[in-house]
Amino acid sequence: IAVTQNILGIAEAQEPAGFSIVPNPGVQSQLVFGEGAEESGVVRILDLTGRCVRELAVPAGTTHLSLPTELPAGPYLIRHVQGGSGTASYWLNRN
């Protein structure tokens, strides 16, 4: 029997295609859209109850978008919607 890989603990979540959050967890985090947002859309920031606490417009071609610094520290769901579809990722705000 050959062991080719040892995995301990929980695998880290991978960022969805389309954007990443840097730093995460972090202070003064930004969304980074690989080659730019393909078309205009919106980013919704939801708290753990599912309540939308902020909504940000994302113009087509946007490459970076700063996340709000005035939100209380804690976990949030970041949802980017454009062209009828969306992707989401968790963000741990340490502000």
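Above this text sits the structure in question.
Residues numbered from 1 in each chain as written. Predicted model: local features only at pLDDT ≥ 70, side-chain atom pairs only at ≥ 80, totals over all residues. Heavy atoms only, no water.

Enquirer: Would you explain the nonpolar core in this entry?
Expert: Across soluble globular proteins, nonpolar side chains have a tendency to be buried as a group. The biggest cluster of nonpolar side chains holds 16 residues, and the ones touching the most others in it are Leu31, Val43, Ile45 and Ile78. Only β3 (41-46), β4 (52-58) and β6 (74-82) provide two or more residues apiece to this core. Element by element, the count of residues in this core is highest for β4, at 3 residues. Apart from residues lying up to four places away in sequence, Val43 is in contact with Leu31, Phe33, Arg54, Glu55, Leu56, Val58, Leu65, Ile78, Arg79 and His80. (Core = buried A, V, L, I, M, F, W, Y, C linked by side-chain atoms within 4.5 Å. Buried < 20%, exposed > 50% of the residue type's maximum accessible area, 1.4 Å probe, protein only. Helix = DSSP H or I, 4+ residues; strand = E, 2+ residues; numbered from the N terminus. Contact = heavy atoms within 4.5 Å.)

Enquirer: Where do I start with the pattern of salt bridges in this structure?
Expert: Two side chains with opposite charge may pair up if their charged atoms get near one another. Taken as a whole, this structure holds 3 salt bridges when the rule is applied. Here Arg44 makes a salt bridge to Glu55, at a shortest N to O gap of 3.0 Å. Taken together, the residues span a long stretch of sequence, with Arg44 in strand β3 and Glu55 in strand β4 at a distance of 11 residues. Look at Glu55 and you get partly exposed, because its relative accessible area is 49%. A salt bridge links Arg54 to Glu70, with the nearest nitrogen and oxygen atoms 2.7 Å apart. Placement of the pair is Arg54 in strand β4 and Glu70 in the loop between β5 (64-66) and β6, with a sequence separation of 16 residues. On the accessibility criterion, Arg54 (27% relative accessible area) is partly exposed. On the accessibility criterion, Glu70 (53% relative accessible area) is exposed. (Salt bridge = Lys/Arg side-chain N within 4 Å of Asp/Glu carboxyl O.)

Enquirer: What is the right way to look at the side chain of Thr62 in this model?
Expert: Relative to the elements of secondary structure, Thr62 occurs in the loop between β4 and β5. Not counting residues within four places of it along the chain, the set of residues in contact with Thr62 comprises Phe33, Gly36 and Ala37.

Enquirer: What am I meant to see in the packing of aromatic side chains here?
Expert: Any aromatic ring pair is given by two values, namely how distant the centres are and how the planes are angled relative to each other. Counting across every chain of the model gives 2 aromatic pairs. Ring geometry for Phe19 against Phe33: centres 6.3 Å apart, planes inclined by 50 degrees, an arrangement best described as tilted. One end of the pair, Phe19, is in the segment before β1 (20-22); the other, Phe33, is in the loop between β2 (30-32) and β3, and 14 residues separate them in sequence. For the pair Phe19 and Phe33, a shared accessibility class is recorded, and that class is buried. (Phe/Tyr/Trp six-rings, centres within 6.5 Å; stacked < 30°, edge-to-face > 60°.)

Enquirer: Honestly, unusual backbone geometry in this entry has me stumped. Any pointers?
Expert: Trans peptide bonds make up most of the peptide bonds, and negative phi angles are found at most residues other than glycine. The omega torsion of the bond from Val22 to Pro23 falls at -20 degrees, within 30 degrees of zero and hence cis. Position of Pro23 among the secondary structure elements: in the loop between β1 and β2. The residue after Asn24, namely Pro25, is reached through a cis peptide bond having omega 0 degrees. Residue position: Pro25 is located in the loop between β1 and β2.

Limitation: the analysis is restricted to geometry and does not speak to function.
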